[in-house]
Amino acid sequence: MIAATGLSPLIRCSVITTDPGLISAFVERWHRETSTFHLPVGELTITLDDVASLLHLPITSTLHSFEPLVTFDAVVLLTELLEVSPEEARVETHQASRPHVRLSWLREVYQNRCRARRWVVEARAYLLHLVGCTLFANKSATHVHVVHLEAFRDLAQTGGFSWGVATLVHLYDHLNEASQTPTRQMASYIALFQVNIVLLII
């Protein structure tokens, strides 16, 4: 089921130790208007081809629109797609004070669903955990936005989404935010960002 979604290459992506100085130096050179890094050698950017080559994610498929969620909608989505009780979903989203859930809670969900009819539920929880740790990582490093769960409603269609495009858009959005003066941290898939920087330098 996981392989059919096109996201299984993320399982093999290794976590690298990040270099805050390198990341910071490139964030300072990011220009929102052109979505490029302005370097002494010219302008460089991270492309869809880079994402496809490094993560082996589809870039030419259907785009999935992630509609904004309020906490109530997140509870409904968790109850429906992960088959948790409404009370458990409310407690989990209440702890985050927004439509997010803890990555550790998701791990419990997919590790504790062992009956055969729950394989789809287990796969959804695992995939949400996977993209929350990689493609759509946020500054908390402990929570994932429930909005991404909608993409796993029908696992047969999940493989038809352009995950590479969504990843690059997410990275660009967070580079735009991080390049602003008051921002102190950057979210997104930092390992992907750092590997791209190294490739740009080479």
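Calculation criteria
- Residues numbered from 1 in each chain as written.
- Predicted model: local features only at pLDDT ≥ 70, side-chain atom pairs only at ≥ 80, totals over all residues.
- Heavy atoms only, no water.
- Pairing = 2+ DSSP bridges.
- Helix = DSSP H or I, 4+ residues; strand = E, 2+ residues; numbered from the N terminus.
- Axes fitted to C-alpha atoms, helices over the stretch in contact; angles between N-to-C directions.
- Parallel < 35°, antiparallel > 145°, perpendicular 65-115°, else oblique.
- Left-handed = near helix turned anticlockwise from the far one by under 90°.
- Contact = heavy atoms within 4.5 Å.
- Core = buried A, V, L, I, M, F, W, Y, C linked by side-chain atoms within 4.5 Å.
- Buried < 20%, exposed > 50% of the residue type's maximum accessible area, 1.4 Å probe, protein only.
- Patch = residues over 30% accessible without salt bridge, like charges linked within 9 Å, V, L, I, M, F, W, Y side chains within 5 Å.
- Areas by Shrake-Rupley, 256 points an atom, 1.4 Å probe, with all protein chains shown as cover.
- Salt bridge = Lys/Arg side-chain N within 4 Å of Asp/Glu carboxyl O.
- Phe/Tyr/Trp six-rings, centres within 6.5 Å; stacked < 30°, edge-to-face > 60°.
- Expected span 1.5 Å × (residues − 1).
- pLDDT = per-residue confidence, 0-100.

**Structural notes on the sheet that holds strand β3 (residues 42-44)**
Strand order in the open sheet made by the three strands is β1-β2-β3, with antiparallel pairing throughout. Each end of this open sheet is capped by a strand with a single partner; those strands are β1 (30-31) and β3. Pairing of β1 with strand β2 (residues 36-39) involves two bridges; the strand directions are antiparallel. Note on β2: the bridge partner recorded for Trp30 is Phe37.

**Things to note about the packing of helix α4 (residues 71-81) against helix α5 (residues 86-96)**
Axis separation between α4 and α5 bottoms out at 9 Å; the angle between their running directions is 135°. Relative to α5, α4 is oriented oblique. Like other packed secondary-structure pairs, α4 and α5 cross with a definite hand, here right-handed. Residues Thr71, Ala74, Val75, Leu78 and Thr79 of α4 lie in contact with α5, whose contacting residues are Pro86, Ala89, Arg90 and Thr93.

**Quick look at the nonpolar core**
The biggest cluster of nonpolar side chains holds 56 residues, and the ones touching the most others in it are Leu7, Leu135 and Phe193. Every element with two or more residues in this core is listed here: α2 (20-28), β2, α3 (48-55), α4, α6 (103-112), α7 (119-133), α9 (163-178) and α10 (190-201). The element best represented in this core is α7, accounting for seven residues.

**Looking at a nonpolar patch on the surface**
Together, Met1, Trp119 and Val120 make up a nonpolar patch on the protein surface, roughly 300 Å² of accessible area in all. Mapped onto the fold, Met1 is located in the segment before α1 (9-12).

**Focus on the packing of aromatic side chains**
Within the structure shown, the criterion is met by eight aromatic pairs. Ring plane angle 25° and centroid distance 6.0 Å describe the contact between Phe37 and Phe193, whose orientation is recorded as stacked. In this pair, Phe37 sits in strand β2 while Phe193 sits in helix α10, placing the two residues 156 residues apart along the sequence. Comparing Phe37 with Phe193 shows no difference in burial state: the two are buried. Arranged with centres 6.3 Å apart and planes meeting at 50°, the rings of Phe136 and Trp163 form a pair that is tilted. Of this pair, Phe136 sits in the loop between α7 and β5 (143-145) while Trp163 sits in helix α9, placing them 27 residues apart in sequence. Trp163 shares its class with Phe136; the two are buried. Ring pairing ties together the aromatic residues Phe26, Trp30, Phe37, Tyr172 and Phe193, which thus form one cluster.

**A short note on α7**
When the terminal C-alpha atoms of α7 are compared, their 21 Å separation across 15 residues agrees well with the 21 Å that a helix rising 1.5 Å per residue should span. Counting buried positions along α7 yields eleven of 15 residues, so the element is predominantly enclosed. Every buried residue belonging to α7 is among Val121, Glu122, Ala123, Arg124, Ala125, Leu127, Leu128, His129, Leu130, Val131 and Gly132, and all of these are buried. Summarising the contacts, the buried residues of α7 are in contact with α1, α4, α6, β5 and α8 (155-158).

**With respect to the confidence of the model for the protein**
Per-residue pLDDT for the protein averages 86, and the proportion of residues at 70 or more is 95%. The least confident element of the protein is α10, whose mean pLDDT is 80; the most confident is α4, at 93.

**Concerning the environment of Ser8**
By secondary structure assignment, the location of Ser8 is in the segment before α1. Its relative accessible area of 17% is what places Ser8 among the buried residues. Along the backbone, Ser8 and Leu55 are 47 residues apart, and their C-alpha atoms lie at a distance of 9.7 Å. Excluding residues within four positions of it along the chain, Ser8 makes contact with Ile2 and Ala3.

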